[in-house]
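Chain by chain, the residues run as shown.
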Amino acid sequence: MNHTNDRPVIFLRGLLREQAHWGEFQQHVKKTLSNRPCLFIDTPGNGHFFEEKSPLHVRDISLHIIEQLNILIPPEQIVDIVSISMGGMIALDLATLAPKRINTVILINSSLRNFSPFYHRLLPSVWGSLLMMCFSTAIGKELKILAITSNLKEHLLNTGTSKYKIISKKIINEWLSIRQRHPVSLLNGIRQLIAAARYQLNVKPNVNLAVINSTCDQLVDECCSSEIAKAWDIELHSHTWAGHDIALDDSQWLCEKIDFLLKKATKTFSGQSSFN
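Each chain carries its own residue numbering, running from 1 in the written order of its sequence. Only residues with pLDDT of at least 70 get local features here, since the model is predicted, and only at 80 or more are side-chain atom pairs given and counted; chain-wide, interface and lining totals rely on the full set of residues. Side-chain numbers here rest on the full set of heavy atoms in the structure, without hydrogens or water.

### With respect to the packing of aromatic side chains
- Between the rings of Phe, Tyr and Trp (Trp by its six-membered ring), a pair exists once the centres lie within 6.5 Å; its type follows the angle of the planes, with under 30 degrees stacked, over 60 edge-to-face, and the other angles tilted. If you walk through the whole model with that rule in mind, you get eight aromatic pairs.
- An aromatic cluster of at least three residues, connected via ring pairs, comprises Phe-11, Trp-22, Phe-25 and Phe-40.

### Some words on the layout of surface pockets
- Volume-wise, the largest pocket comes out at about 1200 Å³.
- Lining the largest pocket are 47 residues, with Leu-15, Leu-16, Leu-130, Gly-189 and Leu-193 positioned closest to its centre.
- Sorting the residues of the lining of the largest pocket by element identifies helix H4 (118–121), helix H5 (127–133), helix H6 (138–149), helix H8 (164–181) and helix H9 (186–198) as the ones contributing at least two each.
- Helix and strand labels come from DSSP, where a helix needs a run of H or I of at least four residues and a strand needs a run of E of at least two; each type is numbered from the N terminus. Considering every element that reaches the lining of the largest pocket, the biggest residue donor is H9, with six residues.
- When its residues are assigned to classes, the lining of the largest pocket shows 25 nonpolar, 13 polar and nine charged.
- Cavities and pockets are defined on a 1 Å grid built over the protein atoms alone: a cavity is a set of grid points where a 1.4 Å probe fits but cannot escape, while a pocket is an open set with protein on both sides within 12 Å along at least five of seven lines, and lining residues are those with an atom within 4 Å of any such point. Grid points are joined across faces, edges and corners, and a volume is the space filled by probe spheres set on the points. One number sums up the size of the second largest pocket: a volume of about 430 Å³.
- Those elements that place two or more of their residues in the lining of the second largest pocket are helix H1 (25–32), helix H7 (152–158), H8, helix H11 (246–249) and helix H12 (251–264).
- Ranked by the residues each element gives to the lining of the second largest pocket, the list is headed by H8, at seven residues.
- Across the lining of the second largest pocket, the residue classes break down as 12 nonpolar, five polar and six charged. Gly falls in the polar group here, along with every residue not listed as nonpolar (Ala, Val, Leu, Ile, Met, Phe, Trp, Tyr, Cys, Pro) or charged (Asp, Glu, Lys, Arg).

### Section: the sheet that holds strand S4 (residues 102–108)
- Following DSSP output, two strands are said to pair if at least two bridges run between them. Spatial strand order, S2-S1-S3-S4-S5-S6: six strands in an open sheet with parallel pairing. With partners counted over all chains shown, the strands left at the sheet margins are strand S2 (38–41) and strand S6 (235–239), one partner each. The sheet shows a mean angle of 20° between the axes of neighbouring strands, direction not considered.
- Summarising the sheet, strand S5 (residues 208–214) and S6 pair through five bridges and their orientation is parallel. For Val-211, the partnering residue across the bridge sits in S6 and is Leu-236.
- The sheet strands contacting helix H2 (residues 58–72) are strand S1 (9–12) and S2, and the helix crosses S2 at an angle near 145°.
- Those strands touched by helix H3 (residues 86–97) are S1, strand S3 (79–84), S4 and S5, and its axis lies near 150° from that of S3. Here an axis means a line fitted to C-alpha atoms, over the contact stretch when the element is a helix, while the angle between two N-to-C directions is reported on a 0 to 180 degree scale. Contacts between residues were defined by any pair of non-hydrogen atoms, one from each residue, lying within 4.5 Å.

### Considerations on the confidence of the model for the chain
- Per residue, pLDDT measures the predictor's confidence, with a range of 0 to 100. On average, residues of the chain carry a pLDDT of 92, and 95% of them reach 70 or more.
- Contacts of residues 267–276 to residues separated by more than four positions or lying in other chains number 28 contacts, the stretch itself having pLDDT below 50.

As structure tokens, then:
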């Protein structure tokens with residue numbers, strides 16, 4: 001089995017998002033991890049699979065991803081996984097399902113039902129905005145998502161930069177283009193939310209684990225990540241100003257952190273995981 005530092009890195013997004021939503025981060029991380037194949041995977045109901053029905057259970061999403069990986073890479077190939085939000089739940093389930101295929105899982109602003117209550121996993125302050133999205137236009141939906149998941153506006157204002165209107169317009173136009181190509185149905189959105197809400201994992205997977213969160217996350221309480229880290233004795237790395245979508249707000253910081261964590265991760269041939 002391959003234990004070298006040229007393992008493929010799998011990238012998983014969260015609710016209603018697809019590989020294209022990684023945006024410019026894709027190019028940045030490919031440059032940072034220049035010796036590693038970077039594979040950006042879609043889940044059922046999103047992206048290239050937008051016409052499929054989203055499963056009601058995370059395990060079924062995991063099985064779908066394994067089918068994709070078996071096409072893209074040899075079955076014996078060990079991989080690392082970088083995951084955000086609901087993608088973190090899928091990554092943990094994959095690590096439970098196929099621990100010999102996975103060396104490292106990095107969780108970004110994720111949560112688990114058994115460690116955090118629902119009002120931390122989805123903050124009450126955004127419930128109204130999420131409900132209004134059901135009745136909004138396409139551009140209205142994307143504007144609300146940007147407001148909830150990004151702190152870029154506040155950061156740029158605090159640093160005296162007046163480029164936010166230009167940057168946000170570019171982001172929204174890109175997201176509208178994605179929505180037009182691969183529209184996610186309301187039913188699939190609800191099914192994904194149900195799958196995420198019900199997922200829990202009581203046993204720590206036998207792989208290397210690291211947790212990244214944003215202390216200013218407006219969507220998911222930062223304590224959701226810290227509770228996972230505390231319960232499983234995992235390193236916690238925090239961003240001080242970014243929103244839920246750290247890849248959007250500060251891709252350079254996230255790329256450097258991912259590179260650092262993947263280089264740090266080791267796995268012994270006995271299957272014991274550690275961060276040395």
